[in-house]
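Working through the structure, step by step
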Amino acid sequence: MSKLLLENRFSNLGYLPRWIVFCIDVSIVLFASIVTYFIVANLTFKYYDTYSVLSRYLITVFTYVFFFFAFRTYAGIIRHSSFIDALKLLAATFASFLALITLNYTHFFITGNKIFLFPVLLIHFIISFLLLFLFRVGVKFVYEKYIEYGNLGKEQRVVIFGNDSNAVAVANSLNLEQPRKYRVVAFVDNSNSNDVRQLLGLPIVNNVQDISAILDNFNAQALIITDRMLSKKQQIKIVDDCLDNNFKVLTLEKVKDWEDQKELSKNLKSFDINDLLERKPIQLNTIQISNQLKGKKVLITGAAGSIGSEIVSQIINFNPESILLIDQAETPLYDLVTGIVKNVKHIKIIPYVADVKDMQMMDFIFNEYKPQVVYHAAAYKHVPLMEDNPYQAVYTNIIGTKNTVDLSVKHSVESFVMISTDKAVNPSNIMGASKRIAEQYVQSLAFKIGKNETLKTKIITTRFGNVLGSNGSVVPLFTKQIEEGGPLTVTHPDIIRYFMTIPEACQLVLEAGSMGNGGEIYIFDMGKPVKIIDLAHKMIKLAGFVPDKDIEVKIVGLRPGEKLYEELLNDSSKTLKTHHEKIMISKEVDEFNYEIINAEVESLRELISTFNVFEIVKKMKIMVPEFKSLNSSYEKLDN
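Described in the following lines is the structure provided in the data block.

Parameters and conventions
- Residues numbered from 1 in each chain as written.
- Predicted model: local features only at pLDDT ≥ 70, side-chain atom pairs only at ≥ 80, totals over all residues.
- Heavy atoms only, no water.
- Helix = DSSP H or I, 4+ residues; strand = E, 2+ residues; numbered from the N terminus.
- Buried < 20%, exposed > 50% of the residue type's maximum accessible area, 1.4 Å probe, protein only.
- Contact = heavy atoms within 4.5 Å.
- Salt bridge = Lys/Arg side-chain N within 4 Å of Asp/Glu carboxyl O.
- Phe/Tyr/Trp six-rings, centres within 6.5 Å; stacked < 30°, edge-to-face > 60°.
- Lys NZ or Arg CZ within 6 Å of the ring centre and 35° of its normal.
- Pairing = 2+ DSSP bridges.

1. Topic: the environment of Val158
- Tracing the sequence through the fold places Val158 in strand β1 (residues 156–161).
- We classify Val158 as buried; its relative accessible area is 0%.
- Not counting chain neighbours up to four residues away, the residues in contact with Val158 comprise Tyr182, Arg183, Val184, Val185, Ala186, Ala220, Ala222 and Ile224.

Structure, rendered in structure tokens:
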């Protein structure tokens, strides 16, 4: 019979009904009675003739039946029998043995005659338990061999990096999964010990050579990392070694629910690109942040965006009185609010579908709720889109920022924190230039307040680069392209970007916001720049594919306004250290004059209504002389 025919015949094989298992168990007890009879008949023992052989059989069988029901030995799934099932079986048969002994001696004390010989009951108990146990072991063995035969060539051979309880739980869960996708062939111990050891009958290999060599020795296709004691540096070395040699790398969250091991394999996932950022954990001054936010009314614009929503989730930890969520995107705001309200009961959550461009509506919100701390994350950020829509970039990024900071000062907000971007430095596109003008206005207003003792609002700007996983960023784009089978589109083979994770960026925003005195532009340590084409190759490998073989990486050319690299400082700026090693202050050479900047911004506001793209861009270039457009449509406007 062919393998395919076997698979078709048994693919829909169900579980044995309980009544069949029960009947088989009763038959086994009856068979054990017959075997016992013949064993004892050949010995010197003589049966008591108090009752007939048939009667004794019936008493024995009914006793066992009673305890089978009591312990529900028939209720388990035979092919998945476990140690617990074996214990239940032992308990049922031993209880039957004790019950028959009790019945035997009770009958003796009442009538003076015994029903059973004690050796007969003991031999019957041993044979019954062994046969019942072997029946389950046999079914389990046959089923596993059948599954193993059916999965031949389908399973991935994997090695588990780790040998603690977490690694054991993962291995057990993978072995229990049906149909089985992974076969664990070895464990790796992160030590230099030379001891020969085994775990679950599999070898434990010491990590004294490249992990790829170990995988190759065991003919494995993937590595599962369960060891939580590995440093970031060790993780990166292991992952890079595997990817360079075309081995998949998988990981799993720590096992918490030991009763749910059968579901663990569903959570097995490819190693996340975020896990490969070689960065030290950020240490926050939580006392300082708590002093700023605890019991306060906090307003966040752009609250439903990737940065805004993360700021919301982190602020919740500092127990503000209320959080005012402002966003023009209705559905994302709804999703954010429903997610928060479900888990947060002690903080008042106030959502508003509102636009920072709408001065009247924003003024109403400030007047109605009187926020004390404002985080301004609302902005248009997609470079190519803003190249075609400069009026929207100006309206939201500049006028929206002006509205929000002006209202913060008007309503005596304690602290206003603006989220800016590295694209504002020596901008080459409209989005970056719009954020730079917004920075100029915010700083000029901060300098004005600094000279006015009656105004107390601290105005702070934070500036950082690309955020991994944010809406529209390259990582979600690459992920989607990989899911679609490629190609991955890279604009230039030499393009580089600075990256940090969303939580990292937002943690530093909170820290900078709590330390600022007003007027500062805080820049963050973004780590080492990453070549985008290298990022594409690594993500393809992490997904288990081979770059340019399984999935193509396609160079599509720089987009309008796009740089090969980004900067965090203007040529005329220098940095000052702060008490936090990852946060620095960009020190501008000249202070911006509020009256001049305000007048320029108002003239931009007037130009928006004309929808004259070239006049708007020309005005932006006058306000930001370092703005050198990389968009051929606007290059002729460069000074």
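2. Section: the pattern of salt bridges
- Under the counting rule described, the total for this entry stands at 14 salt bridges.
- The salt bridge involving Glu484 is made with Lys480; its shortest N-O contact spans 2.6 Å.
- Accessibility expressed as a relative area gives 48% for Lys480, which makes it partly exposed.
- A single network of salt bridges, built from pairs that share partners, joins Lys402, Asp406, Glu602 and Arg605.

3. Comments concerning the packing of aromatic side chains
- Counted under the stated rule, the structure contains 13 aromatic pairs.
- Between Tyr352 and Tyr369, the ring centres sit 5.7 Å apart and the planes meet at 65°, which makes this aromatic pair edge-to-face. Taken together, the residues Tyr352 in strand β10 (residues 348–353) and Tyr369 in helix α12 (residues 359–369) connect sequence positions 17 residues apart.
- Site record: aromatic cluster; members linked through ring pairs are Phe94, Phe97, Phe118 and Phe125.
- Looking at Lys114, its charged tip hangs above the ring of Phe108, at a distance of 5.5 Å from the centre.
- Sitting over the face of the ring of Tyr395, Lys357 holds its NZ or CZ atom 5.6 Å from the ring centroid.

4. Some words on the environment of His579
- Along the chain, His579 falls in the loop between β21 (574–577) and β22 (583–587).
- C-alpha of His579 to C-alpha of Met515: the two residues are 64 residues apart in sequence and 9.1 Å apart in space.

5. Some details on the pairing of strand β2 (residues 182–189)
- Summarising burial for β2: 7 of the 8 residues are buried, a large majority.
- Both β1 and β2 contribute to a ladder of 6 bridges, which runs parallel. Residue pairing across strands places Arg157 opposite Arg183, the latter belonging to β2.
- Pairing of β2 with strand β4 (residues 202–206), which is carried by 3 bridges, proceeds in the parallel orientation. The partner of Val188 across the bridge, within β4, is Val205.

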